[in-house]
Amino acid sequence: MKKKGGVRQPPEDLLFTFFNGLFFAVFTLLCIFPIYYLFINTISDNRLVQAGLVNLYPRGVHLNNYRMLLNVSELFTSALVTAARTALGTLLMVLASAFTGYLVTQREMLARKFIYRFIIITMYFNAGLLPWFLNISMLGLTNNFWGYIIPAIVQPFNIILVKTYVESIPKELEESAFIDGAGYFTVFRRIMLPLCKPILATIAVFGAVGHWNSFIDSIILMGSQPRLYTLQHRLWIYLNQASNLSRLMESGGSLTEADLAAALNGRITSLTIAMVTIIPILLVYPFMQRYFQKGIMLGAVKG
Amino acid sequence: MPKRGSFRASGALTAVFRIYLAALFLSAFIPYLNPARLSGLISKNASLFTLLSYPAIGSNFVRALDRGWVEQPALTLTYLGTLVCGLGIALAAAAFCVSLGNVRMRRLSAKLAGGAALTGLAGTAVLLLAHGAFAGAPNPERLDPMLPPGLPACFGLFGLALLLAAAVWLTLPKPAGDERYELKPKYRLFLMILPFLALVALFSYLPLWGWRYALYDYRAGFELTRETFVGFRWFRYLFSNAATRADIVRVLKNTFAMSGLGLAFSWLPMAFAIFLSEIRFNTSKRVVQTVTTIPHFISWVLVYSVAFALFSTEGFVNWALVGTGIIQEGTNYLTSGENMWLKMWLWGTWKGLGWSAIIYIAGISSIDPQLYEAATVDGAGRFAKMWHVTVPGLTSAYFVMLLLSISNILSNGMDQYLVFSNANNKSAIEVLDLFIYNLGLASSSTNIPLATLIGVLKSLISVTLLFGANYASKWVREESIV
């Protein structure tokens with residue numbers, strides 16, 4: 001019989017440990033290197049970047065690219081719009097999820113089961129892109145800031161999360177409050193909201209990342225209102241311009257010096273915007289990681 | 001003391017009253033009943049609710065105002081009438097809510113409904129004035145002034161509301177002197193959740209009504225009329241038109257290829273988790289887990305910008321390949337249309353692998369350690385333990401994930417494919433979702449009915465697949481997944 005504790009490992013085990021470690025080291029590197037590469041390209045000398053000479057470490061460090069972004073007013077507007085939708089959209093979504101999730105646990109409610117199903121079933125079907133778009137446009141929410149916010153307020157999945165969480169809280173807390181004469185609003189505000197903080201934090205983190213990252217709704221809904229484009233939508237436009245120019249260059253089209261400069265500029269600008277957009281996520285990520293992980297675990301819980 | 005019979009009659013009346021108020025509220029969302037469409041310049045598809053924001057009216061008349069075809073007062077009057085009608089509707093909604101209470105509340109409700117009706121009637125009167133202003137405008141034929149069917153309809157609706165409110169008021173018994181306003185908890189809770197139900201109905205159920213666009217020869221900006229109704233013509237077109245059929249076959253091939261690759265490698269996150277758990281050092285395990293989940297939180301636009309930086313001609317990949325002598329000259333990998341399926345799958349894996357593994361990592365930590373000890377006692381080695389203890393402990397979670405991805409086989413989402421698509425790779429990258437977007441919203445010659453129809457078929461098939469998967473799950477695991 002083998003000894004327990006693995007003081008000495010057999011050679012094939014050592015080999016396994018080595019290759020296993022190697023695989024994860026490589027994959028981890030693959031996940032982080034692209035972001036690092038993006039970063040060093042935005043702070044290095046632009047001419048070296050153009051020549052493809054900045055690959056492993058920054059050369060000729062400068063921050064002009066970031067300073068340059070400050071002068072592009074449309075970017076500033078987009079950043080403002082994105083920040084506003086992230087803050088307001090997340091706040092409303094969290095409050096609505098908390099309140100609705102609490103309400104559906106109340107057994108006295110008229111047609112409670114039906115109402116709950118009415119909400120939850122919408123996770124499993126959707127009418128499709130065109131009807132969705134035509135509907136939003138009929139409601140006057142296209143080219144309108146509220147088009148980002150209102151359709152995203154009620155999220156069935158979040159309601160499931162809150163409901164499950166509230167059901168795990170002892171009923172007595174609520175009942176004693178009712179006996180003391182508290183109404184539903186008071187119980188919600190004074191008891192449920194504080195007790196549900198962990199799950200609400202999870203919802204908030206996911207909601208905020210979702211709002212910050214979304215660009216499809218900006219592309220589809222805000223077509224004729226460039227003031228309302230989100231940061232990521234802008235980034236997409238810049239990337240398209242840059243890659244179109246570089247495609248032109250490759251196809252050997254006659255390009256002027258100015259076109260080349262624009263292509264370079266477009267590339268650097270796009271990468272810098274990308275970096276600016278990634279940074280907030282990377283900054284909150286370490287603090288929020290435990291909520292992220294809790295989130296997916298809760299996702300495994302059925303409603 | 002009122003007699004039993006009259007009380008029952010008043011109960012029936014209250015029920016009718018409530019339903020009527022709810023219907024009155026809903027009428028504000030029906031374009032046909034819009035009383036404020038006083039000019040052909042206002043869209044036929046606009047409801048009273050849509051017109052409650054001034055730009056929705058004003059934006060139609062910018063040119064007319066410039067040319068002096070119409071004067072501002074006519075517009076202001078229209079907007080004022082719309083607002084007053086809207087106020088009436090809001091009061092009717094309030095009356096509906098209050099009507100769920102006790103007798104005293106119901107008396108209040110009758111009063112509110114009366115107020116709603118009078119307000120609404122005033123609003124229609126204002127709109128009638130506005131109609132006069134339109135008809136008397138300097139250049140009426142440009143404005144196409146009209147008396148919309150909604151105007152008399154609204155007049156009738158509010159008038160009937162007034163009669164009903166009066167009837168309810170008269171049949172309700174006088175409340176006892178000390179009776180207070182009271183609403184039963186079940187109604188109170190119902191009213192609290194009602195606004196959220198309205199949001200769900202508005203954004204998840206109402207779009208289903210948009211399926212009717214598949215039955216019309218509809219073009220953006222035009223209207224659904226009896227003349228443009230074509231029934232199932234688009235359905236036949238979808239199967240009989242050779243070009244469309246070829247497109248659909250190509251797009252479905254892409255869709256199934258990309259989803260198929262995902263399905264074929266759906267065990268990858270599980271393997272990732274199992275091998276990660278074999279790492280002994282907790283710190284490095286945590287670092288790996290933290291770093292590999294980062295890409296999940298980066299949007300596809302950002303992934304594309306990363307790809308753009310790494311794979312373009314000046315990028316890192318070309319530098320490395322040329323530097324090591326594997327290739328002679330740099331190429332732009334993003335613009336080439338080769339191996340799109342594989343490339344898209346690789347990007348998806350890069351973005352999602354670490355994240356999808358979390359659920360299995362948690363699954364491993366919940367496996368009873370005694371099982372491992374018992375296996376060790378029985379002489380199982382590292383791999384035997386992985387295969388005979390860990391894998392069986394995770395198959396249940398894996399099965400759920402697999403069934404869900406089978407039911408999502410048609411829905412790859414469009415973000416990834418939209419950002420990576422360009423003229424060179426379009427034919428290989430276009431999945432169903434992206435095709436619908438391109439067909440209905442993005443191309444130069446959009447075909448909204450056809451895109452709607454394809455979306456409808458997709459939705460129906462997806463729901464069927466989901467139910468099938470759920471049924472399979474019940475059958476195999478005796479547990480449902482939805």
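Residues numbered from 1 in each chain as written. Chains lettered and ligands numbered in written order. Predicted model: local features only at pLDDT ≥ 70, side-chain atom pairs only at ≥ 80, totals over all residues. Heavy atoms only, no water.

### Observations regarding the overall build of chain B
No. 1: Scanning chain B for helices and strands turns up 21 helices and 0 strands.
No. 2: Its C-alpha atoms give chain B a radius of gyration of 32 Å, more than 25% over the compact-globule value 23 Å for 482 residues.
No. 3: Along the first, second and third principal axes, the C-alpha atoms of chain B reach 90 × 65 × 45 Å.
No. 4: Looking at chain B as a whole, 46% of its 482 residues are labelled buried.
No. 5: Separation between the mean location of the 37 positive side-chain charges and that of the 23 negative ones in chain B comes to 11 Å. (Helix = DSSP H or I, 4+ residues; strand = E, 2+ residues; numbered from the N terminus. Rg over C-alpha atoms; globule rule 2.2 N^0.38 Å. Buried < 20%, exposed > 50% of the residue type's maximum accessible area, 1.4 Å probe, protein only. Lys, Arg positive; Asp, Glu negative; His and termini not counted. Charge placed at Lys NZ, Arg CZ, Asp CG, Glu CD.)

### Considerations on the environment of Phe311 of chain B
No. 1: In this structure, Phe311 of chain B sits in helix α13 (residues 300–311).
No. 2: When neighbours within four sequence positions are excluded, Phe311 of chain B is seen to be in contact with Val317, Asn318, Thr331, Asn332, Tyr333, Leu334 and Trp347 of chain B. (Contact = heavy atoms within 4.5 Å.)

### Digging into the nonpolar core
One recurring pattern in soluble globular proteins: nonpolar side chains tend to sit buried together.
All names here are of chain B.
No. 1: Residues Phe420 and Ile454 are the most contacted members of the largest nonpolar core, which totals 167 residues.
No. 2: Those residues in contact with Ile454 that lie beyond four places of it in its chain are Leu238, Ile248, Leu432, Phe435, Ile436 and Leu439.
No. 3: Listed in part, the 43 residues of the second largest apolar core include Ala36, Leu38, Ile89 and Leu151. (Core = buried A, V, L, I, M, F, W, Y, C linked by side-chain atoms within 4.5 Å.)

### Examining a nonpolar patch on the surface
No. 1: A cluster of nonpolar residues, Leu15, Phe18, Phe19, Leu22, Val26 and Leu30 of chain A, forms a patch on the protein surface that exposes about 600 Å² of accessible area.
No. 2: As for its position among the elements, Phe18 of chain A is in helix α1 (residues 11–43). (Patch = residues over 30% accessible without salt bridge, like charges linked within 9 Å, V, L, I, M, F, W, Y side chains within 5 Å. Areas by Shrake-Rupley, 256 points an atom, 1.4 Å probe, with all protein chains shown as cover. Salt bridge = Lys/Arg side-chain N within 4 Å of Asp/Glu carboxyl O.)

### A look at helix α5 (residues 112–120) of chain A
Residues and elements named next belong to chain A.
No. 1: Turning to α5, its buried residues number three or more, namely Arg112, Ile115, Tyr116, Ile119 and Ile120. Down the axis of α5, the sector holding all buried residues measures 125°, keeping them to one side. Exposed side chains of α5 directed beyond 90 degrees from the buried face belong to Lys113, Phe114 and Arg117. (Arc of directions from axis to C-beta.)

### Remarks on the interface of chain B and chain A
No. 1: Taken together, the contacts link 96 residues of chain B with 93 residues of chain A.
No. 2: Buried surface at the junction of chain B and chain A, both sides included, amounts to about 8600 Å², of which 77% is carbon and sulfur.
No. 3: Taken together, the links from chain B to chain A amount to 1 salt bridge.
No. 4: Residue Arg382 of chain B is joined to Asp13 of chain A by a salt bridge in which the shortest nitrogen-to-oxygen separation is 3.5 Å.
No. 5: Across the contact surface, chain B and chain A share 15 residue pairs in polar contact (both at pLDDT 80 or more).
No. 6: Here the side of chain B that touches chain A takes 20 residues from helix α8 (residues 185–209) of chain B, the largest share from any one element.
No. 7: Looking at side-chain class alone, the side of chain B that touches chain A contains 63 nonpolar, 24 polar and 9 charged residues. (Buried area = accessible area lost by both parts, 1.4 Å probe. Polar contact = N/O pair within 3.5 Å; in protein donor to acceptor, adjacent residues only side chain to side chain. Nonpolar A, V, L, I, M, F, W, Y, C, P; charged D, E, K, R; others polar.)

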